[in-house]
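# Structural description and commentary
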Amino acid sequence: MHLRRSMDWTYNRVVDLFAESRKKNVDRVAPLAVRMRPRTLEEFAGQQHFLAPGKLLRRMLEADRLMSVIFYGPPGTGKTTLAELIAQYTRSHFEQMNAASVGVKEVRAIMEESRKRIEHGGKRTVLFLDEIHRFTRSQQDILLGDVENGLILLIGATTENPFFAVNSALVSRSQIFQFQALSEEEISALVRRAIQNKDRGYGSLKLSIDDDALKFIAITSDGDARRALTALEIGVQSEIGNGKSEIRITLDIAQQSMQRKAIVYDQTGDEHYDAASALIKSMRGSDPDAAVYWVARMLEAGEDPRFIARRIAILASEDIGNADPNAIVIANAAWQLTERIGMPECQLTLGQAAIYMACAPKSNASAQAIWQAMDDVREGRTIPVPKHLRDTHYPGAKRLLGEGTPIAGEARYRNPHADERGFIEQDYLGVEKNYYIPTNRGHEADISQRMADLRVKSDGKTTDGADDGLLNQPSGADE
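Given the structure is predicted, the values throughout are model-derived calculations rather than measurements.

Take the overall build of the chain next. Helix and strand counts for the chain stand at 22 helices and seven strands. Here the chain holds 479 residues, and 41% of them are scored as buried. Accessible area for the chain stands at about 27,800 Å²; split by element, carbon and sulfur atoms hold 51% of it.

What follows is about the packing of aromatic side chains. Per the counting criterion, the structure on display carries five aromatic pairs. Taking the centre distance of 4.8 Å and the plane angle of 55 degrees together, the rings of Phe-71 and Phe-179 count as tilted. In this pair, Phe-71 is assigned in strand S1 (residues 69-72) and Phe-179 in the loop between strand S5 (175-178) and helix H11 (184-196), connecting sequence segments 108 residues apart. The pair Phe-71 / Phe-179 is uniform in exposure class, with both members buried. A connected cluster of aromatic rings, assembled from ring pairs, spans Phe-50, Phe-71, Phe-177 and Phe-179.

Buried within helix H12 (residues 211-220) we find Ala-213, Leu-214, Ile-217, Ala-218 and Thr-220. Those residues of H12 that are buried lie in contact with H11, strand S6 (206-209), helix H13 (225-241), strand S7 (246-249) and helix H14 (251-257).

Take the packing of helix H16 (residues 288-300) against helix H19 (residues 346-359) next. Interhelical geometry of H16 versus H19 gives an angle of 150 degrees and a closest axis separation of 8 Å. Considering their axes alone, H16 and H19 lie roughly antiparallel with respect to each other. Relative to H19, H16 is oriented so that their crossing is right-handed. Every residue of H19 that contacts H16 at Pro-288, Ala-291, Val-292, Val-295 and Leu-299 is listed here: Gln-347, Leu-350, Gly-351, Ala-354, Ile-355, Ala-358 and Cys-359. Split into classes, the residues belonging to the contact of H16 with H19 amount to ten nonpolar, two polar and no charged.

Counted by the stated rule, this structure contains 15 salt bridges. The partner of Asp-211 in a salt bridge is Arg-192, with the nearest N and O atoms 3.5 Å apart. Pair noted here: Asp-211 is in helix H12 and Arg-192 is in helix H11, with a separation of 19 residues, a long-range link. Judged by relative accessible area, which is 58%, Asp-211 ranks as exposed. For Asp-210, the salt bridge is made with Arg-248, and the minimal N-O distance between the two is 2.9 Å. Taken together, the residues span a long stretch of sequence, with Asp-210 in the loop between S6 and H12 and Arg-248 in strand S7 at a distance of 38 residues. A residue is classified by how much of its surface remains accessible, and Asp-210, at 18% relative accessible area, is buried.

About the thresholds
- Residues numbered from 1 in each chain as written.
- Predicted model: local features only at pLDDT ≥ 70, side-chain atom pairs only at ≥ 80, totals over all residues.
- Heavy atoms only, no water.
- Helix = DSSP H or I, 4+ residues; strand = E, 2+ residues; numbered from the N terminus.
- Buried < 20%, exposed > 50% of the residue type's maximum accessible area, 1.4 Å probe, protein only.
- Areas by Shrake-Rupley, 256 points an atom, 1.4 Å probe, with all protein chains shown as cover.
- Phe/Tyr/Trp six-rings, centres within 6.5 Å; stacked < 30°, edge-to-face > 60°.
- Contact = heavy atoms within 4.5 Å.
- Axes fitted to C-alpha atoms, helices over the stretch in contact; angles between N-to-C directions.
- Parallel < 35°, antiparallel > 145°, perpendicular 65-115°, else oblique.
- Left-handed = near helix turned anticlockwise from the far one by under 90°.
- Nonpolar A, V, L, I, M, F, W, Y, C, P; charged D, E, K, R; others polar.
- Salt bridge = Lys/Arg side-chain N within 4 Å of Asp/Glu carboxyl O.

Have a look at this one:
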C-alpha cells in the first residue's frame, strides 16, 4: 500500500512537472496580446462603469452573488478575459466554447459534468459561450433549466444586441453588461505596460516608443486592445529581425505595423442602425460636419450607398419639406447619381447632399400634415367627396349631380382661374380641418404669408367672369 502511494505521488509529481513545461512552451509562442492578458481584476483595463469598486459587477463578485451574465460589446474589449478572471475569482471550473463551432450535444455534456461536479461537492462551473447569438432560439433553450437552478454560471458573449439576438427567456435570467471600446488613454497604458513588463512583455529589451507613434496606435486601434498590442509586436519583431539591439518604435514603424482599421459594422446589426440614426439626427440638427462624418463612416464600413441616398431623400421631405423645396430635388438627384455611378465616386455626391440637408432650413410641417391626415383616414369617419368637386366627365354625371343649377343650399364648383388672383374661397374638404400649418422658416415663411394674405383678402366673391367656372364648363376646365 505504501509503495503504491509512493508510486502515485512520484507519477503525479512527474506529470505536474511535464504540465508546467508544456505550459511554458505554449506561453513562449503565444502572441503578445495573449501573454499580456490581465491575471487579476485589478489589472483589467476598461469597463470601469460596471467593474470599478462599488459598481454592480464588482459588488456581485464580492458578495458571491453572481448570476448568469451576458457580455455585449465590440471585439477586443476584454469579454473573454473577464470571463476567465471571473472563474478565477469565484474559484469555479472554467469551460470555454464558441457557439459557431459546437452543437447541443457538447453543451449538454458540459452541463451534465457540471451537475455531477456539484453533486460530489466540487466546484461550480463557469461556461463561457462566445458568440452566443449564433445559437438558434431552440439551442439557447437548453441552457434555461440549469441557468435558472444555478447549476451552471453562464457567461454569454455577443457583439449583437442581446435584446434582439438572444432568447428573451435567457435574457430575463441574466444580467447584461455592455462593454465599451477602450479609450485612447487605456490603450496607451496597455502598450506601455507591455513595453515595461519583463515576464510577459518586452521589459528585458532596450525598447522605446515615440509619443506620436503611441498616439497613432491608440487612435487607430479604435479601442481594440488586441489590435494595439499586435501592432506593437509586429513593430518590435520586425526591428529584431533587422538585427537591431536597441529598438525605437517611430511613427513610420507604427504606421507600417498597423493593419488598416477594420470598422465594426454589421449591416443588419446595431452599428448599421446606430450610424443611420446618427446621420439622420445630424442632418436634422443642422450639423454638416457630423453629417458628412457619418456618411464617411458608413461608406468606409461597406454600407450600401443606395441606403444612405434613401435616408437623405426621406429626410428631405420629413425634416426640411417646404422650408426648402429644392432639398427634395437635390436628394432625388443624389439618389439617381448614386445608382448610376456607384462607389467610390458617389461618395462626393452623398457628401454634398448630406451637407446641403444639414445646412437647409428645417420644417416638418408637411410631414405632420400627411401623418395627421393618414391617421384620420385610418381611424376617423370617411369623408365623402363634396358634390361640387366630383368628376363630371362621364355620361350621366349631370343626371346624378344636377344640371348645373345646384340644389338649394349646395355649393357649386368655381374655377380659381376665373379670379384675377387665381384664388376663390370655397370648400374643398367638407369638414373644418387644418392639417398643414407652415412655419416661419425658409421658403415656408413665404408660403405662410401667402396663405394668410389669401384668407384675409378673400371675401368669398369672384370677379367678373367667375361664373365661367361652374359645373357646366368645358371638359377639363375644372381640374
